[in-house]
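Structure at a glance
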Amino acid sequence: NTSFAQTNVFDDVIATSPNHTYLEAALLQEGLDAALRQNPSCTVFAPDDSAFNNLASTLGVSISNLLALPNLSDILTYHVLGSTVLSTGISNGAVVSPLSTTNTLKLTKTSTGEVYVNHSQVSSADITADNGVVHVISELLLPDETVADLQLIMVSQH
């Protein structure tokens with residue numbers, strides 16, 4: 001069976017990256033790893049560990065508090081497109097719909113070729129697997145919350 005020989009964005013990119021341990025843990029916890037293995041075509045804007053650390057620090061909480069957010073699954077699926085979009089295929093100002101239906105993402109491409117999703121710069125683009133592509137970003141994208149909204153969610157959980 002040759003389907004096992006194929007690479008996928010979860011097992012072959014995210015899970016093998018030393019800089020995506022929190023993203024990997026969050027995806028596993030929410031059961032979203034299977035979707036990233038099985039989706040025939042996807043794009044993941046993958047926040048690195050510093051993105052999780054920065055948000056936790058801003059909120060004054062631990063990573064485990066972040067992973068306990070009730071809307072974590074929605075936040076994670078907000079980082080995934082249901083088609084493969086390489087950086088070369090991004091047009092400036094494009095508005096795209098991620099798997100999360102909460103909000104859209106705005107893609108920006110500068111004249112020098114830098115790519116942004118919402119306001120987060122892609123630090124490493126076009127890490128490909130057979131079923132899609134991963135673009136590394138240094139901030140967590142929030143579908144409809146601000147940091148202040150998340151702080152209220154955190155407080156209400158205690």
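Refer to the structure presented above.
The structure contained in this document is the topic of the report that follows. (Residues numbered from 1 in each chain as written. Predicted model: local features only at pLDDT ≥ 70, side-chain atom pairs only at ≥ 80, totals over all residues. Heavy atoms only, no water.)

So, on to the overall build of the chain. Each helix and strand counted, the chain has seven helices and seven strands in total. Ordered by position from N to C terminus, the α and β elements of the chain give α-α-α-β-α-α-α-β-β-β-β-β-β-α. Expected size for 158 residues packed as a compact globule is a radius of gyration near 15 Å; at 15 Å, the chain falls within 12% of this value. Oriented by its inertia axes, the alpha-carbon framework of the chain measures out at about 50 × 40 × 30 Å. Residues classed as buried in the chain amount to 43% of the 158 residues present. Within the chain, contacts between residues at least 6 apart in sequence are counted, and of these 62% link residues at least 24 apart. Of the accessible surface of the chain, which amounts to about 7600 Å², a share of 51% is contributed by carbon and sulfur atoms. (Helix = DSSP H or I, 4+ residues; strand = E, 2+ residues; numbered from the N terminus. Rg over C-alpha atoms; globule rule 2.2 N^0.38 Å. Buried < 20%, exposed > 50% of the residue type's maximum accessible area, 1.4 Å probe, protein only. Contact = heavy atoms within 4.5 Å. Areas by Shrake-Rupley, 256 points an atom, 1.4 Å probe, with all protein chains shown as cover.)

This next bit is on the sheet that holds strand 6 (residues 120–129). Spatial strand order, 2-1-7-6-5-4-3: seven strands in an open sheet with mixed pairing. Each edge of the open sheet carries a strand with a single partner, namely strand 2 (80–81) and strand 3 (95–96). Of the strand pairs in this sheet, strand 1 (residues 42–47) and strand 2 are connected by two bridges, and their pairing is antiparallel. The partner of Val44 across the bridge, within strand 2, is Val80. (Pairing = 2+ DSSP bridges.)

A few words now on the nonpolar core. By size, the foremost hydrophobic cluster in this structure holds 31 residues, and its most contacted members are Leu27, Leu36, Val44 and Leu66. Per-element accounting of this core gives the leading share, five residues, to helix 4 (residues 49–59). Each residue touching Leu36, except ones within four places of it in the same chain, is listed here: Asn8, Val9, Phe10, Ile14, Leu27, Cys42, Val44, Val80 and Asn131. By size, the runner-up hydrophobic cluster in this structure holds 14 residues, among which are Val96, Leu107, Val115 and Leu141. (Core = buried A, V, L, I, M, F, W, Y, C linked by side-chain atoms within 4.5 Å.)

For helix 4, the set of buried residues is Asp49, Ala51, Phe52, Leu55, Ala56 and Leu59. In a view along the axis of helix 4, the buried residues occupy a sector of 165°, so they form one face of it. Gly60 sits one or two positions beyond helix 4 and adopts a positive phi of about 70°. (Arc of directions from axis to C-beta.)

Residues three or four positions apart in an α-helix share a direction because the helix packs 3.6 residues into each turn. By the burial criterion, the buried members of helix 2 (residues 21–29) are Leu23, Ala26 and Leu27. Each buried residue of helix 2 lies within a common arc of 95° when the element is viewed along its axis, so the set occupies one face. Buried residues belonging to helix 2 abut helix 1 (10–14), helix 3 (33–38), strand 1, helix 4, helix 5 (63–67) and helix 6 (72–77). Gly31 lies just past helix 2 and shows a positive phi near 70°.

Here we come to the environment of Ser17. By secondary structure assignment, the location of Ser17 is in the loop between helix 1 and helix 2. Since its relative accessible area comes to 16%, Ser17 is described here as buried. Between the alpha carbons of Ser17 and Asp48 there is a distance of 9.2 Å; along the sequence they are 31 residues apart. A distance of 3.1 Å separates a polar side-chain atom of Ser17 from the backbone nitrogen of Asn19. (Polar contact = N/O pair within 3.5 Å; in protein donor to acceptor, adjacent residues only side chain to side chain.)

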